[in-house]
Amino acid sequence: MDIIYLLLKAVAIIVAITVHEFIRALTSTLLGDKKPKKDKRLTLNPIKHFEPIGFFIAYATGCGWGRPVDTSALYYKNRKAGILITAIVPSVINIVTAVIFAVAYKMLFGFNIYLNTFFYYAIYHNIALAVYNIMPVSPMDGQKVLSCVLKPNNYFKYLQYEKIVQIIFLLLLFMGYTDMVFDPIINGIMTLIDIILL
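Worth saying up front: this structure is predicted, and the values here are computed from it rather than measured.

**Points about the layout of surface pockets**
- The computed volume of the largest pocket comes to approximately 390 Å³.
- Every residue lining the largest pocket is counted, 18 residues in all, and those nearest its centre are Ala 73, Arg 79, Ile 83, Lys 144 and Ser 147.
- Taken together, the elements giving at least two residues each to the lining of the largest pocket come down to helix H5 (79–107), helix H7 (142–149) and helix H8 (152–175).
- Top contributing element to the lining of the largest pocket by residue count: H5, with four residues.

**A short note on the packing of helix H6 (residues 113–132) against helix H9 (residues 179–196)**
- As a packed pair, H6 and H9 sit with axes 10 Å apart at the nearest point and diverge in direction by 125°. By the angle between their directions, the pair H6 and H9 is classed as oblique. By crossing handedness, the relation of H6 to H9 is classed as right-handed. Contact with H6, carried on its side by Tyr 120, Ile 123, Tyr 124, Ile 127, Ala 128, Val 131 and Tyr 132, involves Asp 179, Phe 182, Asp 183, Ile 185, Ile 186, Ile 189, Met 190 and Ile 193 of H9 and no other residues of that element.
- In the contact of H6 with H9, the residues fall into 13 nonpolar, no polar and two charged.

**Some words on the side chain of His 125**
- Structurally, His 125 is set in helix H6.
- On the accessibility criterion, His 125 (5% relative accessible area) is buried.
- Beyond its immediate sequence surroundings of up to four residues, His 125 is in contact with Lys 9, Ile 13, Ala 16, Ala 58 and Gly 62.

**Examining the packing of aromatic side chains**
- Scanning all chains against the criterion turns up eleven aromatic pairs.
- Here the aromatic rings of Phe 50 and Phe 55 are separated by 5.3 Å at their centres, their planes lie at 45°, and the arrangement is tilted.
- Overall, Phe 50 belongs to the partly exposed group, its relative accessible area being 33%.
- Above the face of the Tyr 59 ring, Lys 9 is positioned so that its terminal group lies 4.6 Å from the ring centre.

**Overview of a nonpolar patch on the surface**
- A cluster of nonpolar side chains, namely Tyr 161, Ile 164, Ile 167, Ile 168, Leu 171, Leu 172, Met 175, Tyr 177, Met 180, Val 181 and Ile 185, defines an oily patch on the protein surface of about 1100 Å² accessible area.
- For the nonpolar patch, the secondary-structure elements that each account for two or more residues are H8 and H9.
- When residues of the nonpolar patch are assigned to their parent elements, the largest contribution, seven residues, is made by H8.
- Within the fold, Ile 185 resides in helix H9.
- Among the residues examined, Ile 185 registers a relative accessible area of 35% and is labelled partly exposed.

Cut-offs applied
- In this convention, every chain numbers its residues from 1, walking through the sequence in written order.
- pLDDT decides what is reported in this predicted model: residues at 70 or higher carry local features, side-chain atom pairs at 80 or more are listed and counted, and totals for whole chains, interfaces and linings draw on all residues regardless.
- Think of the side-chain values as coming from all heavy atoms in the structure, minus any hydrogens and water.
- A pocket here means an open set of points on a 1 Å grid, computed over the protein atoms alone, that has protein on both sides within 12 Å along at least five of seven lines. A cavity is instead a set of points where a 1.4 Å probe fits but cannot get out; residues with an atom within 4 Å of a point line either one.
- Grid points are joined across faces, edges and corners, and a volume is the space filled by probe spheres set on the points.
- Numbering of helices and strands runs from the N terminus, with a helix taken as a DSSP run of H or I at least four residues long and a strand as a DSSP run of E at least two residues long.
- Under this scheme, a helix contributes an axis fitted over its contacting stretch, all axes are lines through C-alpha atoms, and angles between N-to-C directions fall in the 0 to 180 degree range.
- An angle below 35 degrees is treated as roughly parallel, one above 145 as roughly antiparallel, one from 65 to 115 as roughly perpendicular, and anything else as oblique.
- The hand of a helix crossing depends on one turn: near helix anticlockwise from the far one by less than a right angle means left-handed, and clockwise means right-handed.
- We call two residues contacting when some pair of their heavy atoms lies within 4.5 Å.
- Side-chain classes are defined by residue name, with Ala, Val, Leu, Ile, Met, Phe, Trp, Tyr, Cys and Pro counting as nonpolar, Asp, Glu, Lys and Arg as charged, and the others, Gly among them, as polar.
- With a 1.4 Å probe rolled over the protein chains alone, any residue whose accessible area is under 20% of its type maximum counts as buried; one over 50% counts as exposed, and the rest are partly exposed.
- Put simply, two rings from Phe, Tyr or Trp (the six-membered ring, in Trp's case) pair if the centres are within 6.5 Å, and we call them stacked under 30 degrees between planes, edge-to-face over 60, tilted for the rest.
- Whether a charge sits over a ring comes down to the Lys NZ or Arg CZ being within 6 Å of the ring centre and within 35 degrees of the ring normal.
- Nonpolar side chains (Val, Leu, Ile, Met, Phe, Trp, Tyr) within 5 Å and like charges within 9 Å form the patches, drawn only from residues with over 30% relative accessible area and no salt bridge.
- For the area figures, the Shrake-Rupley method with a 1.4 Å probe applies, and any residue is considered shielded solely by the protein chains shown.
- Any carboxyl oxygen of Asp or Glu that lies within 4 Å of a side-chain nitrogen of Lys or Arg is treated as forming a salt bridge with it.

Dropping the structure here:
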C-alpha cells in the first residue's frame, strides 16, 4: 500500500483521539473541574493526548484510545450528572466531527484522492472511537457510565472482574470477533450520515 495512505490513516486516528480527549478536558473544566487545566490537558496539541498502545491498537483494529484525561468529580455540583456528561459528550463530539468531515468529503469529492482518503479515514475513526467507547472497560468511557448506573456495591463487584473482562475483550478484538458487533453499528452510522447529507 502507498505509504501516504498509511500516514493519512495515522493522522486521522490522531485527530479523532485528540478531539475526544480535548473535549473530555473541556467538558470537565466547564463543569468546574480544575484538574485538566492544571495537568495541561486542556489543549488540542496531539502530543499531550497521544498514547502509543491505544494508537497502535486503533491502527490495527479500529478500536483505540488516547491518554485518558484525569478528571476529578469532587469539583462537580452534581457528581453523578457530571461524570455522565464528561463520559458521553466526547463521543457525541466525535460523531459531530465525523459529520463535519463527511460534509467536506462530499464538497471536495474528486478534488484530490489523498484528501478524499483522509476524510474517509477521519469519518470512520471518529465514529469508531465513539462506538467502541460504549464498552464498560478501562480506559473506555463506558466504565464511567457504568459507575453511575449501577449501585455502588454492584459496581465495586464488577471492578473485581474488570481486568478479566478487559483481557477477554482485547482477545476478541484481535481475533476479529468484535467486528461482528461493532462494524454494523459503525457502518450504519456512516450510512445514516451519508443519507442525511444527500
